[in-house]
Amino acid sequence: MSELFLNRYKLISLADYPQYIDTCAAWHFTAWGVKSDQRTLKKDIKKFQVSTEKNKVPFTVIFMDTVKNVPVAMGSVWDKDSDYWSTISPWITGIFVHEDYRNQGLAHEIMKVLEKELIRMNIQNIYLTASAAINFYKKLNYTEVETRDAPETPTGKQTLFKKELL
Ligand SMILES: CC(C)(COP(=O)(O)OP(=O)(O)OC[C@H]1O[C@@H](n2cnc3c(N)ncnc32)[C@H](O)[C@@H]1OP(=O)(O)O)[C@@H](O)C(=O)NCCC(=O)NCCS
């Protein structure tokens, strides 16, 4: 990551900045909730209210734009993220970058930060699901495990990915 980039963006933990819980939940609901009957903004707020651990799951990290002093990207690790694949854990989830800040490498950086944190916690395997951004995760060396029909997703399909971290 370039020095310019590092100077502009600061990584923070939602644990230290609970004032951003509503922003994270709104991003999450907009990206994944609006098409689902099961999800409400209120439920997403509750998920982020508990996604505020430090040094253990569930946690959330955020990139701040230090010039505008606003949150611009997020990523989380949760114990549970799928009713379909309900027996595996933990999950990288909620990788989201504000539209104005996309294609600058922020999502890649968030993934790197989350993986580093998981390795520090001695977590061996990490899972995630994707519908549209399949190649994004393949490039980060995630392996496709299974794909299912998922009408609630933008593509109608959802793929389970796994990565061995240790
Ligand atoms: C997907 C997303 C997180 C990427 O964020 P970003 O900061 O722009 O990503 P980066 O700059 O680190 O990486 C960009 C790469 O991702 C790819 N990408 C971005 N969105 C994609 C999508 N919907 N489908 C496939 N690839 C995508 C870009 O083509 C680019 O590829 P390249 O590295 O070969 O050039 C962002 O577009 C987003 O928040 N989208 C809405 C939420 C979402 O779909 N999250 C993913 C969960 S499945």
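Residues numbered from 1 in each chain as written. Predicted model: local features only at pLDDT ≥ 70, side-chain atom pairs only at ≥ 80, totals over all residues.

1. Some words on the site of the ligand
- The full set close to the ligand counts 17 residues, and Val 97, Arg 102, Ala 107, His 108 and Ala 132 are the nearest of them.
- Within the residue set of the shell around the ligand, elements represented by two or more residues are strand S4 (91-97), helix H4 (106-120) and helix H5 (134-139). (Near = placed C-beta within 6 Å. Helix = DSSP H or I, 4+ residues; strand = E, 2+ residues; numbered from the N terminus.)

2. Brief notes about the packing of helix H2 (residues 21-33) against helix H3 (residues 41-50)
- It is at 8 Å that the axes of H2 and H3 come closest, and there the two elements cross at 130°. Here H3 runs oblique to H2, going by the angle between their axes. Judged by the twist between their axes, the crossing of H2 over H3 is right-handed. Every residue of H3 that contacts H2 at Ile 21, Asp 22, Cys 24, Ala 25, Ala 26, His 28, Phe 29 and Gly 33 is listed here: Leu 41, Asp 44, Ile 45, Phe 48 and Gln 49.
- Looking at the contact of H2 with H3 residue by residue, the class counts come to eight nonpolar, three polar and two charged. (Axes fitted to C-alpha atoms, helices over the stretch in contact; angles between N-to-C directions. Parallel < 35°, antiparallel > 145°, perpendicular 65-115°, else oblique. Left-handed = near helix turned anticlockwise from the far one by under 90°. Contact = placed C-beta atoms within 7 Å. Nonpolar A, V, L, I, M, F, W, Y, C, P; charged D, E, K, R; others polar.)

3. Structural notes on the environment of Phe 59
- Mapping Phe 59 onto the fold places it in strand S2 (residues 59-65).
- Setting aside residues no more than four positions away along its own chain, Phe 59 makes contact with Ser 13, Ala 15, Ser 51, Glu 53, Lys 54, Ser 76 and Val 77.

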